[in-house]
Amino acid sequence: MKAIIAIRDAALSSYLVDVLNSLGVACSSQCVVSDVNSVSTLLSASGPEVLVFLDATESGAALLEKLEQLSRATNASLIVAGASDDPGEVVSFMRAGAKEYIDSRGDLSGEISGLLKRLTKRYDGAPSSGKLITVSSCGGGMGASTIATNLAAILAKEADACGLIDLHPCGGDLSPILQLEPDYTIRELANKGDSLDATLLRKSLVEHSCGIRLLAAPEPFGEGRALPATAITRILTLARREFPYVIVDGEDLFHNEQTAALAESDLVLLVFRLDFASLVRTQKCIHQLTHVANVAKEKVLLVAGRCGQPGELPVERAEKVLGQAVTECIPNDPLAAVSAINMGEPVISELPNSALAKAIERLALCVSGKSNNNDARPKQLSARIIGSAASLLGIASM
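Please read all numbers here as calculations on a predicted model, not as lab measurements.

S.K.: Before we move on, could you go through empty space enclosed by the protein and cite the residues and values that matter?
M.R.: Here the structure, examined in full by the defined rule, presents 3 cavities of 30 Å³ or more. Counted as a void, the largest cavity has a volume near 70 Å³. Elements represented by at least two residues in the lining of the largest cavity include exactly helix 8 (186-190) and helix 9 (198-204). At 3 residues, the largest contribution of residues to the lining of the largest cavity is made by helix 9. A class-by-class count of the residues in the lining of the largest cavity yields 4 nonpolar, 1 polar and 3 charged. Within this model, the second largest cavity holds a volume of roughly 60 Å³.

Structural data, given as structure tokens:
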């Protein structure tokens, strides 16, 4: 792969050359020009895998015209570098033929590194659709957001990046859990209508150092809950093109935007607790998923959350009642969970040897297709209970 740079700022051009060469992209001094009109000549002497960096400070109409000309005449990847805060301007570049837009004010090395990984996958013919996994729960306080966040962090480590979508229209917790301050939320993105595209999605994501790219939930007590289901479907489609894995932290199983996400999901992780009330609700949730939301039963994985508490029901009993195996038991580990939240880090980064981190690592192996061996699940830590609760469970299973 080689690069051509047509940027008037000599310092920026020089820095781009250094970054590209350090990442293994050939960029000689002969391929650095200040006039965008010289690009066509350089392209005529180049092979197929070429990156062309163009200057966003070029006259707007002239740059758009040149992008359209080059996109028609070559298969080179056209990349605009600039410092625009106007999403509309960035969209105009993409529609004229640019493959990517990079912010020249930010971490250029990181931006170009990520750009190269995406383009390499396109050149190598890798699938353009990542795996979509929705994490939902049968009620509050089951640790679904902790599972979603740490699952995304593990998969980001494996794949260099992972999309994480906080689908809580009335306000979610993923931004404060990771101590991130997003400029945009899923509501603002969903309201873009026909202009919603990959460029707007990228600008709406906020990056965590672990590799998570978060699309944040709106602030609580905002405009109400409604999010257009068609927009959510579009966002998920775009996210799957950007990342090998996309994790959705879902709010429930019945609102329109939630069922839109469930319909698109490759897997749904349903988090429940090992107590009688939760099992009754879980039965109803499984019915909702498989009979109302039309999610295939084999796509639904049961995850027991906050395990190891005194008096909880045996996992084998839960499996009998629910009619399917429990994929993983996530331990109740408040020390690890709260310590990580207070540091703005996933548990798997802050306390990788904790029981909580290890359990979610096993879950990640399962959802990524590297392990489906339920026999490897650790034995339940809690004592088996007998008596009235077991009798109640027997009633629930009838």
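S.K.: If you had to explain the sheet that holds strand 1 (residues 2-6) to someone new, which residues and values would you point to?
M.R.: The 5 strands lie next to each other as 2-1-3-4-5, forming an open sheet whose pairing is parallel. The open sheet has two edge strands with one neighbour each: strand 2 (32-33) and strand 5 (100-103). Examined bridge by bridge, strand 1 and strand 3 (residues 50-55) share 5 bridges and lie parallel to one another. Across the sheet, the residue bridging to A3 is L51, located in strand 3. Along the sheet, helix 1 (residues 10-22) contacts strand 1, strand 2 and strand 3; its crossing angle with strand 1, the most-contacted strand, is approximately 170 degrees.

S.K.: For unusual backbone geometry, give the residues involved together with the corresponding values.
M.R.: Unlike most non-glycine residues, Q179 shows phi in positive territory, near 50 degrees. By relative accessible area, Q179 is classed as partly exposed at 47%.

S.K.: Lay out the sheet that holds strand 8 (residues 206-207) with the relevant residues and their values.
M.R.: Spatial strand order, 8-9-7-10-6-11-12-13: 8 strands in an open sheet with mixed pairing. What marks the edges here is a single partner per strand, and that holds for strand 8 and strand 13 (326-331). In terms of strand pairing, strand 6 (residues 131-137) meets strand 10 (residues 245-250) through 5 bridges, oriented parallel. Bridge pairing links V135 to D249 in strand 10. In the packing of helix 6 (residues 144-159) onto the sheet, contacts are made with strand 6, strand 7 (162-167), strand 9 (212-215), strand 10, strand 11 (267-272), strand 12 (300-307) and strand 13, and the angle to strand 10 comes to roughly 175 degrees.

S.K.: So what's going on with the environment of S109? Residues and values would help.
M.R.: With respect to the helices and strands, the residue S109 is situated in helix 5 (residues 108-123). Residues S109 and D18, 91 residues apart in the sequence, show an inter-C-alpha distance of 9.4 Å.

S.K.: Explain the confidence of the model for the protein chain residue by residue, including any values.
M.R.: With 88% of its residues at a pLDDT of 70 or more, the protein chain has an overall mean of 85. A low-confidence stretch, residues 123-127 stays under pLDDT 50, and its non-local contacts, those more than four residues away or across chains, total 6 contacts. Counting contacts from residues 381-398, a segment whose pLDDT is below 50, to residues more than four positions away or on other chains yields 25 contacts.

S.K.: Explain the packing of helix 3 (residues 60-73) against helix 4 (residues 87-96) residue by residue, including any values.
M.R.: Two elements in contact, helix 3 and helix 4, have axes separated by 8 Å at closest approach and are oriented at 30 degrees. Overall, the two elements helix 3 and helix 4 adopt an arrangement that is roughly parallel. On helix 4, the residues touching L63, L64, L67, E68 and S71 of helix 3 are S92, F93 and A96. For the contact of helix 3 with helix 4, a count of residues per class yields 5 nonpolar, 2 polar and 1 charged.

S.K.: Provide a residue-level description of the layout of surface pockets, including the pertinent values.
M.R.: The method is simple in principle: a probe with the dimensions of a water molecule rolls over the atoms, and the space it marks as empty is what remains. Quantified by volume, the largest pocket comes out at close to 1,200 Å³. What lines the largest pocket is a set of 35 residues, and nearest its centre among them are E111, R202, L205, E207 and R213. Broken down by secondary-structure element, the contributors of at least two residues to the lining of the largest pocket are strand 5, helix 5, helix 9 and strand 8. With 8 residues, helix 5 is the largest single contributor of residues to the lining of the largest pocket. Partitioning the lining of the largest pocket into residue classes produces 12 nonpolar, 7 polar and 16 charged.

S.K.: Explain the pairing of strand 6 residue by residue, including any values.
M.R.: The buried count for strand 6 comes to 6 of 7 residues, which makes it a mostly enclosed element. In the sheet, strand 6 pairs with strand 11 via 5 bridges, with the strands oriented parallel. Each bridged residue has a counterpart across the sheet, and for I133 the counterpart in strand 11 is L267.

S.K.: How would you summarise helix 16 (residues 355-367) if you had to cite specific residues and measurements?
M.R.: The end-to-end C-alpha distance of helix 16 is 19 Å, a good match for the 18 Å that 13 residues give at a rise of 1.5 Å each. Buried within helix 16 we find L356, A357, A359, I360, L363, A364, C366 and V367. Looking one or two residues past helix 16, G369 carries a phi angle of roughly 85 degrees, positive in sign.

S.K.: Requested: an account of the side chain of H168, with residues and values cited.
M.R.: When you line up the elements, H168 lands in the loop between strand 7 and helix 7 (174-178). Of the polar contacts made by the side chain of H168, one reaches the backbone oxygen of D249; its length is 3.3 Å. Those residues in contact with H168 that lie beyond four places of it in its chain are A217, P218, D249, G250 and E251.

S.K.: So, the environment of K66: which residues are in play, and what are the values?
M.R.: You can see K66 is positioned in helix 3. When the C-alpha positions of K66 and N37 are compared, they lie 7.9 Å apart, and in sequence the two are 29 residues distant. Residues in contact with K66, not counting those within four places in the same chain, are V36, N37 and S40.

Rules used in this analysis
- Residues numbered from 1 in each chain as written.
- Predicted model: local features only at pLDDT ≥ 70, side-chain atom pairs only at ≥ 80, totals over all residues.
- Heavy atoms only, no water.
- 1 Å grid on protein atoms, 1.4 Å probe; cavity = no way out; pocket = protein on both sides within 12 Å on 5 of 7 lines; lining within 4 Å.
- Points joined across faces, edges and corners; volume = space filled by probe spheres on them.
- Helix = DSSP H or I, 4+ residues; strand = E, 2+ residues; numbered from the N terminus.
- Nonpolar A, V, L, I, M, F, W, Y, C, P; charged D, E, K, R; others polar.
- Pairing = 2+ DSSP bridges.
- Contact = heavy atoms within 4.5 Å.
- Axes fitted to C-alpha atoms, helices over the stretch in contact; angles between N-to-C directions.
- Buried < 20%, exposed > 50% of the residue type's maximum accessible area, 1.4 Å probe, protein only.
- pLDDT = per-residue confidence, 0-100.
- Parallel < 35°, antiparallel > 145°, perpendicular 65-115°, else oblique.
- Expected span 1.5 Å × (residues − 1).
- Polar contact = N/O pair within 3.5 Å; in protein donor to acceptor, adjacent residues only side chain to side chain.

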